[in-house]
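An overview of the molecular structure
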Amino acid sequence: MSWDHVWIDVNIATMDSKVAAPYGAITNAAIAVKNGQIAWLGPRSELPDFDVLATPVYRGYQKWLTPGLIDAHTHLVYAGNRANEFEMRLQGASYQDIANAGGGIISTVKACREADEAELFNLARKRLNALAKEGVTTVEIKSGYGLDTATELKMLRVARELGKHHHVEVQTTFLGAHAIAAEYKHNPDAYVDLVINDMLPAVMKENLADAVDVFCEGIAFNLEQTERVLQAAKRAGLPIKLHAEQLSNIGASELAAKLGALSVDHIEFLDEAGVKAISQSGTCAVLLPGAFYFLRETKLPPIDLLRQYQVPMVIASDINPGSSPICSTLLMLNMACTLFRLTPEEALKGVTINAAKALGIEHKVGSLAIGKQADFCLWDIHSPAELAYAYGVNPCEQVIKSGRIIQQ
């Protein structure tokens, strides 16, 4: 038997539903890697003979391996910050007050339009490095702070470049329909035309997006406008997803289900009809506890309904300068449990196998099984629940991406 690397004396949280144990756990286990894929895993006692002298062997000392973590909803590429708005809100300013003073998304759009690709790359790389240190091996990055063709393309190019120069795999999402550009505030349908007829073809020409997203909400795009953008994305052959039911319930999730969206994200105001619809379509529910915490929201997502209808729950950071300037997927695990009352196992599924489903890549990452990509992390913990339990001391000891050791 010839392998590239072998880990022994480890416990493995496979997150594989075929393994009949909490976390898909295999204790006293071993895992072997060949050509960037998992070639074998199982109980150490069943490990086949292999050439020990020719194969690097790593002893885990009963620590835990999990799949590499996946952050399935971020706005990682942006310039500027909105700390002044944070301070203003704490002093009593309303959202409208801040917007009237030139703040909100308008300020981030201005900063992104003014920044060149090098500046955006360097800022985003720092954020990506922070995620990588906590075991993130795959991340989704949205555009949406350009709101014109040139800047949307610039943001997506930077996201693609991050994936080329970093071990973390980057999935890009075109979010030109994030807000109505100020230039079109009196003619939003014309802005939708711009997104469909100018931005999307340019994005497709440069192969800059793996999916398309829309912010469907009373303050953003209505159902008709949203469906126009999503149908255009489907015609272009791209998967779709939706910012839905964050501030109100206008039926966005039912639209997403009808169109076969990968995910609906935020969903604090999602009702039972919407939950039933996404359950039937196989659409994932992406929960964003960082935004819930930072905005001091009180309307909880319908966790019990999502459980009842067996909707895959995803946990993501929503890293952005306005509502979740929090660059930590591990902290999201804790917040998912403390704020949303998920179990630690549900939370870990939310950043592994369910997150992979939300990106349409569960066939290759998100769980540990023979034939899957060898993306996993070694943690100095006694049980997987510890990943959601404590925060502040990073227990990640080793990261393996496509079979290559990144951190140890």
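Going by what an unreviewed UniProt entry lists, the protein is known as Imidazolonepropionase and is assigned to Shewanella aestuarii. Per UniProt, the protein has the following entry under Function (unreviewed entry): "Catalyzes the hydrolytic cleavage of the carbon-nitrogen bond in imidazolone-5-propanoate to yield N-formimidoyl-L-glutamate. It is the third step in the universal histidine degradation pathway." Checking UniProt for the protein, the heading Catalytic activity (unreviewed entry) contains the comment "4-imidazolone-5-propanoate + H2O = N-formimidoyl-L-glutamate".

Glancing now at the packing of helix α5 (residues 149-165) against helix α6 (residues 188-205). Following both chains from N to C, one finds α5 and α6 inclined at 35 degrees, their axes separated by 10 Å at the closest point. Crossing of α5 against α6: the hand is right-handed. Residue-level contacts link Thr149, Glu152, Leu153 and Leu156 of α5 to Leu194, Asp198, Met199, Ala202 and Val203 of α6. Across the contact of α5 with α6, the residue classes tally to 6 nonpolar, 1 polar and 2 charged.

Here we come to the environment of cysteine 112. By secondary structure assignment, the location of cysteine 112 is in helix α3 (residues 105-114). The class for cysteine 112 is buried, based on a relative accessible area of 0%. C-alpha separation for the pair cysteine 112 and glycine 144, spaced 32 residues apart in sequence, amounts to 9.8 Å. Excluding anything up to four places from it in sequence, cysteine 112 contacts Tyr78, Ala79, Leu120, Tyr145, Thr151 and Lys154.

All right, on to the packing of helix α7 (residues 223-235) against helix α8 (residues 252-259) then. Interaxial distance between α7 and α8 falls to 11 Å at its minimum, and their mutual angle equals 25 degrees. Judged by the angle between their axes, α7 and α8 are roughly parallel. When the axes of α7 and α8 are compared, the crossing they make is right-handed. Side by side, α7 and α8 meet where Leu223, Thr226, Glu227, Leu230, Gln231 and Lys234 of the first sit next to Ala252, Leu255, Lys258 and Leu259 of the second. The class makeup of the residues in the contact of α7 with α8 is 5 nonpolar, 2 polar and 3 charged.

Before going further, it helps to examine the packing of aromatic side chains. Here the structure, examined in full by the defined rule, presents 7 aromatic pairs. One aromatic cluster is present, built from ring pairs that chain together Trp7, Tyr58 and Phe376. The cationic tip of lysine 299 hangs over the ring face of phenylalanine 269; the distance from NZ or CZ to the ring centre is 5.7 Å.

Across the sheet, 8 strands lie side by side as β6-β7-β8-β9-β10-β11-β12-β13; this open sheet has parallel pairing. In this open sheet, the two strands that pair with only one neighbour each are β6 (69-71) and β13 (313-315). Averaged over all pairs of adjacent strands, the angle between their axes in this sheet comes to 25 degrees, without regard to strand direction. Where strand β7 (residues 136-142) and strand β8 (residues 169-177) come together, 5 bridges link them in parallel fashion. When the bridges of β8 are listed, lysine 142 appears paired with threonine 173. Relative to β8, α6 is tilted by about 150 degrees, and along the sheet it contacts β8 and β9 (211-215).

Taken together, the 4 bridges between strand β10 (residues 240-244) and strand β11 (residues 263-266) define a ladder with parallel strand orientation. Counterpart to lysine 241 in the pairing with β11 is serine 263. Once you follow β10 into α8 and on to β11, the crossover reads as right-handed. Here β11 runs beside strand β12 (residues 284-287); their pairing, made up of 3 bridges, is parallel. By the bridge assignment, aspartate 265 is partnered in β12 with valine 286.

Take the domain arrangement of the protein next. In terms of domains, the protein is made up of domain 1 (5-67 + 367-406) and domain 2 (69-359). Inter-centroid distance (C-alpha atoms) of domain 1 to domain 2 is 31 Å. With 25 residues of domain 1 at the interface, the matching set in domain 2 holds 21 residues. Buried surface at the junction of domain 1 and domain 2, summed over both partners, amounts to about 1,800 Å²; 67% is from carbon and sulfur atoms. By the criterion of area lost to domain 2, the three top residues of domain 1 are Met15, Ala388 and Tyr391, representing 31% of everything that side buries. The shortest N-O distance in the salt bridge between lysine 401 and glutamate 169 comes to 3.1 Å. The tally of links from domain 1 across to domain 2 stands at 9 residue pairs in polar contact (both at pLDDT 80 or more). Listing elements by their share of the side of domain 1 that touches domain 2, those giving two or more residues are β5 (64-67), β14 (376-379), α15 (386-389), β15 (396-401) and β16 (404-407). Take the side of domain 1 that touches domain 2: its biggest share by element is 4 residues, from β15. Tallied by class, residues from the side of domain 1 that touches domain 2 come to 17 nonpolar, 4 polar and 4 charged.

Rules of the game
- Residues numbered from 1 in each chain as written.
- Predicted model: local features only at pLDDT ≥ 70, side-chain atom pairs only at ≥ 80, totals over all residues.
- Heavy atoms only, no water.
- UniProt positions renumbered as here; feature names shortened; annotations may be inferred.
- Axes fitted to C-alpha atoms, helices over the stretch in contact; angles between N-to-C directions.
- Helix = DSSP H or I, 4+ residues; strand = E, 2+ residues; numbered from the N terminus.
- Left-handed = near helix turned anticlockwise from the far one by under 90°.
- Contact = heavy atoms within 4.5 Å.
- Nonpolar A, V, L, I, M, F, W, Y, C, P; charged D, E, K, R; others polar.
- Buried < 20%, exposed > 50% of the residue type's maximum accessible area, 1.4 Å probe, protein only.
- Parallel < 35°, antiparallel > 145°, perpendicular 65-115°, else oblique.
- Phe/Tyr/Trp six-rings, centres within 6.5 Å; stacked < 30°, edge-to-face > 60°.
- Lys NZ or Arg CZ within 6 Å of the ring centre and 35° of its normal.
- Pairing = 2+ DSSP bridges.
- Right-handed = clockwise from strand over helix to strand, strands pointing away.
- Domains from an automatic or database assignment.
- Buried area = accessible area lost by both parts, 1.4 Å probe.
- Salt bridge = Lys/Arg side-chain N within 4 Å of Asp/Glu carboxyl O.
- Polar contact = N/O pair within 3.5 Å; in protein donor to acceptor, adjacent residues only side chain to side chain.

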